[in-house]
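Spelled out, the chains give:
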Amino acid sequence: MRLLLVEDDDHVAAALSAILARHGFRVTHARSGEEALQALLPAGAPPQVSPYGVILLDLGLPDQDGYEVCGKIRKRTSTPVIMVTARADVRSRIHGLNMGADDYVTKPYDTGELLARIHAVARRTGASEEATAAGGTGTSGVVRLGPVSIELSTRRVGVDGTDVPLTRKEFDLLALLAQRPGVVFRREQIISEVWRTSWEGTGRTLEVHVASLRSKLRMPALIETVRGVGYRLVVPPAPPAQPAPPAP
């Protein structure tokens, strides 16, 4: 995932960028509000989805107040914004959320919590749209990936029109991976979001659930293991076009 870090302190930005890079993020660093806005969309460009999955926005910027920057971001893109600041009072939090921030984290913060919040806001941003961009379609709460259909509202999964019964955690795991087909989800991220824990002993449970999904769906290649990192969902190729029947 690409992430825009808006932070005027180079030392803080360098340390945080290194941590984020180790967790699979591609970080762009902006040192001012204007630099952040230019990185998102040039002035005068029509509102659209930015190239970034999440924006981490410091409020103490040298050229303009972070709240003002957040308001301008909201006029240009719906990309999730997490305010990261030392302003810990309730009024500042409320003002930040009212200006369009999706979350608000106060310094000093725990890195693990910040990572969890980044993934949480990214998870809310249109799973069906991302599935569509990767080759699936998402309408009425249904994600389709080749022969696989995932009904998010009813928690039903089918392959070629045949229902496949899954356990609650199996469905949660499949739905998580289907949010961003082709994107690698780290093991610790999956464990945190599906099992709501950071306990390392859950790793074996994750492997068992992946194996069970592959077996039940009868598609071993659907979930790919990325050695040393995690798993990703591979969009099945479209069936070859049938040749037209010969003219009579």
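Given the structure is predicted, the values throughout are model-derived calculations rather than measurements.

Participant: I keep staring at the overall build of the protein chain and nothing clicks. Help me out?
Facilitator: Regarding its fold elements, the protein chain presents nine helices and 13 strands. Summed over its atoms, the accessible surface of the protein chain is roughly 13000 Å², and 55% of this surface lies on carbon and sulfur atoms.

Participant: Explain the sheet that holds strand β5 (residues 103-106) here, please?
Facilitator: Taken in spatial order, the five strands of this open sheet run β2-β1-β3-β4-β5, and their pairing is parallel. With one partner strand each, in any of the chains shown, β2 (26-30) and β5 form the two edges of the open sheet. On average, each strand axis in the sheet is inclined to that of its neighbour by 20°, with strand direction left out of account. Examined bridge by bridge, strand β1 (residues 2-6) and β2 share five bridges and lie parallel to one another. Counterpart to L4 in the pairing with β2 is T28. Helix-sheet contacts for helix α2 (residues 33-40) involve β1, β2 and β3 (54-57), and the interaxial angle to β1 is about 160°.

Participant: Quick question: what am I supposed to make of the pairing of strand β4 (residues 81-85) here?
Facilitator: Each regular strand carries side chains that alternate between the two faces of the sheet. Of all five residues in β4, five are buried; the element is thus mostly enclosed. Taking every second residue as pointing to the same face, both faces of β4 are buried, with V81, M83 and T85 on one and I82 and V84 on the other. Pairing of β3 with β4 involves three bridges; the strand directions are parallel. Residue pairing across strands places I55 opposite V81, the latter belonging to β4. Since β3 and β4 lie parallel, the crossover through helix α3 (residues 66-76) that links them has a hand, and here it is right-handed. Two elements, β4 and β5, share four bridges in a ladder whose sense is parallel. By the bridge assignment, T85 is partnered in β5 with T106. In terms of handedness, the path from β4 via helix α4 (residues 90-98) over to β5 forms a crossover that is right-handed.

Participant: I keep staring at the sheet that holds strand β13 (residues 230-233) and nothing clicks. Help me out?
Facilitator: Within a sheet, neighbouring strands are paired by backbone hydrogen bonds and run either parallel or antiparallel to one another. One open sheet accounts for three strands, arranged β11-β13-β12; its pairing is antiparallel. Lying at the two open borders of the sheet, with one neighbouring strand each, are β11 (185-186) and β12 (223-226). Here β11 runs beside β13; their pairing, made up of two bridges, is antiparallel. Paired with R186 across the bridge in β13 is G230.

Participant: Please clarify how the pairing of strand β7 (residues 142-145) should be interpreted in this entry.
Facilitator: Bridging between β7 and strand β8 (residues 148-151) involves four bridges; their strand directions are antiparallel. Paired with L145 across the strands is V148, a residue of β8.

Rules used throughout
Residues numbered from 1 in each chain as written. Predicted model: local features only at pLDDT ≥ 70, side-chain atom pairs only at ≥ 80, totals over all residues. Heavy atoms only, no water. Helix = DSSP H or I, 4+ residues; strand = E, 2+ residues; numbered from the N terminus. Areas by Shrake-Rupley, 256 points an atom, 1.4 Å probe, with all protein chains shown as cover. Pairing = 2+ DSSP bridges. Axes fitted to C-alpha atoms, helices over the stretch in contact; angles between N-to-C directions. Contact = heavy atoms within 4.5 Å. Buried < 20%, exposed > 50% of the residue type's maximum accessible area, 1.4 Å probe, protein only. Right-handed = clockwise from strand over helix to strand, strands pointing away.

Interpretation note: all reported values are geometric properties and have no functional meaning in isolation.
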